[in-house]
Amino acid sequence: MKPLINTDFIKTPQILKITAFALISITFFYVGKHWSNSGYQQLLFFSTPQNSISISPNNDKSFNITSIISPNQYDHPPTEQAITLTPLSIYPPPDESPLSNPNRTFGIIDSDGKMTDDFEVGEFDPDIEENWGNETEIQSASTNFKVRVRKYELCPRSMREYIPCLDNVEAIKRLKLTEKGERFERHCPEKGKGLNCLVPPPKGYRQPIPWPRSRDEVWYSNVPHTRLVDDKGGQNWISKEKEKFKFPGGGTQFIHGADKYLDQIAQMVPDITFGHHTRMVLDVGCGVASFGAYLLSRNVMTMSIAPKDVHENQIQFALERGVPAMVAAFATHRLLYPSQAFELIHCSRCRINWTRDDGILLLEVNRMLRAGGYFAWAAQPVYKHEQVLEEQWAEMLNITTHLCWELVKKEGYIAIWKKPLNNSCYLSRDKGAIPPLCDPDDDPDNVWYVDLKACISRLPENEYGANVPTWPSRLHTPPDRLQSIQYESYIARKELLKAENKFWSETIAGYVRAWHWKKFKLRNVMDMKAGFGGFAAALIDQGFDCWVLNVVPVSGSNTLPVLYDRGLLGVMHDWCEPFNTYPRTYDLLHAAGLFSVERKICNMSTIMLEMDRMLRPGGKVYIRDSLDVMDELLQIAKAMGWQATLRDTSEGPHASYRILTCDKRLLRP
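Everything numeric in this text was worked out from a predicted model, so none of it was measured.

Enquirer: How would you sum up the state of the cysteines? Please name residues and give values.
Expert: Each disulfide is one covalent bond, formed between the sulfur atoms of two cysteines. Counted by the stated rule, this structure contains six disulfides. Each sulfur of the disulfide joining Cys404 and Cys425 lies 2.1 Å from the other. With the S-S dihedral at roughly -85°, the linkage between Cys404 and Cys425 falls on the left-handed side. Residue Cys404 is found in the loop between helix 10 (387–402) and strand 16 (406–411), and its partner Cys425 is found in helix 11 (residues 424–427); the two are separated by 21 residues along the sequence. Two residues share a disulfide in this structure: Cys576 and Cys602, whose sulfurs sit 1.8 Å from each other.

Enquirer: Lay out the sheet that holds strand 23 (residues 643–648) with the relevant residues and their values.
Expert: Strand order across the open sheet formed by seven strands is 20-19-18-21-22-24-23, with mixed pairing between neighbours. Each of the sheet's edge strands pairs with one partner strand only, and the pair in question is strand 20 (570–573) and strand 23. Each strand axis lies, on average, 20° off the axis of its neighbour in the sheet, ignoring direction. Of the strand pairs in this sheet, strand 18 (residues 524–527) and strand 21 (residues 586–592) are connected by three bridges, and their pairing is parallel. Within strand 21, the residue paired with Asp527 across the bridge is His590. With respect to the sheet, helix 16 (residues 604–614) is in contact with strand 18, strand 21 and strand 22 (615–626), its orientation differing from that of strand 22 by roughly 145°.

Enquirer: Give me the lowdown on the sheet that holds strand 12 (residues 301–306), citing residues and values where you can.
Expert: Paired through backbone hydrogen bonds, the strands of a sheet run either parallel or antiparallel to each other. The sheet built from seven strands is open, its strands ordered 13-12-11-14-15-17-16 with mixed pairing. Only two strands of the sheet have a single partner each, and these edge strands are strand 13 (325–327) and strand 16. Within the sheet, the average angular offset between the axes of one strand and its neighbour, ignoring direction, is 20°. Pairing of strand 12 with strand 13 involves three bridges; the strand directions are parallel.

Enquirer: Describe the side chain of Glu217, and please don't skip the residues or the numbers.
Expert: Inspection of the secondary structure assignment puts Glu217 in strand 8 (residues 217–219). In this structure the side chain of Glu217 is engaged in a polar contact, spanning 2.9 Å, whose partner is the side chain of Arg213. Engagement of the side chain of Glu217 in a polar contact is seen with the side chain of Lys244, the distance being 3.1 Å. Not counting residues within four places of it along the chain, the set of residues in contact with Glu217 comprises Ile209, Lys244, Phe245, Lys246 and Phe247.

Enquirer: Give a detailed account of the nonpolar core, specifying residues and quantitative values.
Expert: In terms of nonpolar packing, the biggest core is built from 151 residues, with Tyr337, Trp354, Phe375, Trp517 and Phe595 touching the most fellow members. A per-element tally of this core places helix 17 (residues 627–639) first, with seven residues. Setting aside residues up to four positions removed in sequence, Phe375 forms contacts with Ile345, Cys347, Trp354, Leu362, Val365, Leu369, Met396, Trp405, Ala415, Ile416 and Trp417. One finds Leu228, Val229, Phe245 and Val288 within the second-largest nonpolar core, a separate group that totals ten residues.

Enquirer: Break down the layout of surface pockets for me, citing the residues and quoting the values.
Expert: Taken as a whole, the second largest pocket encloses approximately 960 Å³ of empty space. Taken together, 50 residues form the lining of the second largest pocket, with Arg349, Cys350, Arg351, Ile352 and Asn353 sitting closest to its centre. Residues that form the lining of the second largest pocket fall into these classes: 25 nonpolar, 16 polar and nine charged.

Enquirer: Report on empty space enclosed by the protein, specifying residues and quantitative values.
Expert: Following the criterion strictly, the structure yields six cavities of 30 Å³ or more and no others. By volume, the largest cavity is sized at about 250 Å³. Around the largest cavity, the lining comprises 16 residues; the ones closest to its centre are Arg186, Ala329, Arg334, Leu336 and Asn580. Split into classes, the residues belonging to the lining of the largest cavity amount to eleven nonpolar, two polar and three charged. Roughly 90 Å³ of internal volume is contained in the second largest cavity. Lining the second largest cavity, in full, are Leu154, Leu198, Val199, Pro200, Pro201, Arg584, Asp612, Pro617, Lys664, Arg665, Leu666 and Leu667. Looking at the lining of the second largest cavity, its residues break down into eight nonpolar, no polar and four charged.

Cut-off values and rules
Residues numbered from 1 in each chain as written. Predicted model: local features only at pLDDT ≥ 70, side-chain atom pairs only at ≥ 80, totals over all residues. Heavy atoms only, no water. Disulfide = S-S within 2.5 Å. Helix = DSSP H or I, 4+ residues; strand = E, 2+ residues; numbered from the N terminus. Pairing = 2+ DSSP bridges. Axes fitted to C-alpha atoms, helices over the stretch in contact; angles between N-to-C directions. Contact = heavy atoms within 4.5 Å. Polar contact = N/O pair within 3.5 Å; in protein donor to acceptor, adjacent residues only side chain to side chain. Core = buried A, V, L, I, M, F, W, Y, C linked by side-chain atoms within 4.5 Å. Buried < 20%, exposed > 50% of the residue type's maximum accessible area, 1.4 Å probe, protein only. 1 Å grid on protein atoms, 1.4 Å probe; cavity = no way out; pocket = protein on both sides within 12 Å on 5 of 7 lines; lining within 4 Å. Points joined across faces, edges and corners; volume = space filled by probe spheres on them. Nonpolar A, V, L, I, M, F, W, Y, C, P; charged D, E, K, R; others polar.

Written as structure tokens, this is what we have:
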């Protein structure tokens, strides 16, 4: 038989049929692909009765956030980059109702395509870093979906410790008066001139030493400044040994150690009872915060404050150690804490002239001090017998007497006064006594940019705030002042507080199971919209060895008094402005319902950039908010170099809320 040549093979009917079928198949494939990409959402790519993995409905959408990024104030504008989006929901963990489906499991897909929860949450690794300045494109694992956004640049290295409202040199130079400490107060950049870049870490930045070891030592490379060592090394504050700073636990007035100093105070006034009656303490001019660091082991929460003065890194050291601290100064405005916040206010050589302007700074101490609370002063006028110092002591006694404070103990170099429990002493003074009582309509809890007042803040006639339960029962006891705050609901407030507690207790329990929160090295935590403090209370109940700074935005109800009555730290803040803390000082930032409110008055990218400034490399962000803000937040997070994932709540993909989880990477220029 004659063999077929190549042309005869091609003309055979069988080959023609195969070729036609292949052409038809290819045509249908491209038609189908075009049809599926023309506005129809991908809904599901894997599902079993027990496990599900979903792609977010926003997976195939494009966004342009150029309009929400304010013009860059620096020399080089942001460069346009490409972001490749991956599926935004790997697994939807439980949120509000973590126990709703006991058969549901969570995890990742293994090589066999099966779901497994046998995995570790990765820790921050300084060797795995993002070369941000040299990169031309941000790529994800998938190449199917791309969105073009503008990538934020890294700020100059000179800004590695930048605090926008405290480092505004131009505004500080324009001040007409500075003798009362005005230069240490907030002077924020004008609108449109704020931070618009990513604050870089110092060279050699390392994962912070975990608590409790960080109480005693931190990496030099994370806070590379030796001014405090040079100035205070002989006072047992701080020392440098090879690659670390060491903190022996001493201070100017307690060079033999904070523990012995605390024992002395407890012996002088036994009613102070640290960790029982005394839960909330303010340490003024705190140094590196060893006083507050050692009180933590006695179940006492101390807010350590100091100005950004010639020893400008005091608060940075405190936060690197894992001790609650804020940059703040006694100057011309009220501090951002409510009335009757602290059971003890402490000043050890804090370099404050308490008697200036007829004791106006002591009046501010009096406002923040709880009824029956104590003021402890350790300073040279207490124990030295020089003429100038004795005159200062006499003036201090005169002012505190007019404040109706009782000098309960003077021993060695410490003097301790007690504030009265009610207004009876104030009302029994002679008519025209100085200082006068504040007007009845003065709100002692109004603190945002409020000038100091030369009057005595009245105590509530119903004695609210004076009779808080002892710790730890006060954490879950609805306080009396819950009824006096201005709140959108005027009934059933105790029930609202209990409901908030239950919600966050169940939610955090779900996070612990699904996202292995107990494996995170959480120490410094901020709740950016704290409400009644349910999130912080849940972390305490779950046994997390961390502290939470509860922020009460000025845009909502002032719940600060409730927070302090519960034994939780809090501060008031306007998120349209930067926060008074150093860069890289928090491990976790939590924001529930914040952006859907603040976007009406603030640019969301401004808040997100401030979050990046405050967050440590390797830190985490959890944002729970409504759908209409999530797409924008996701794109901003990507533009900042965060690893961001949009997840469903336990209510499922059709709920009106989502959770955006983010991890901050270490960015290098």
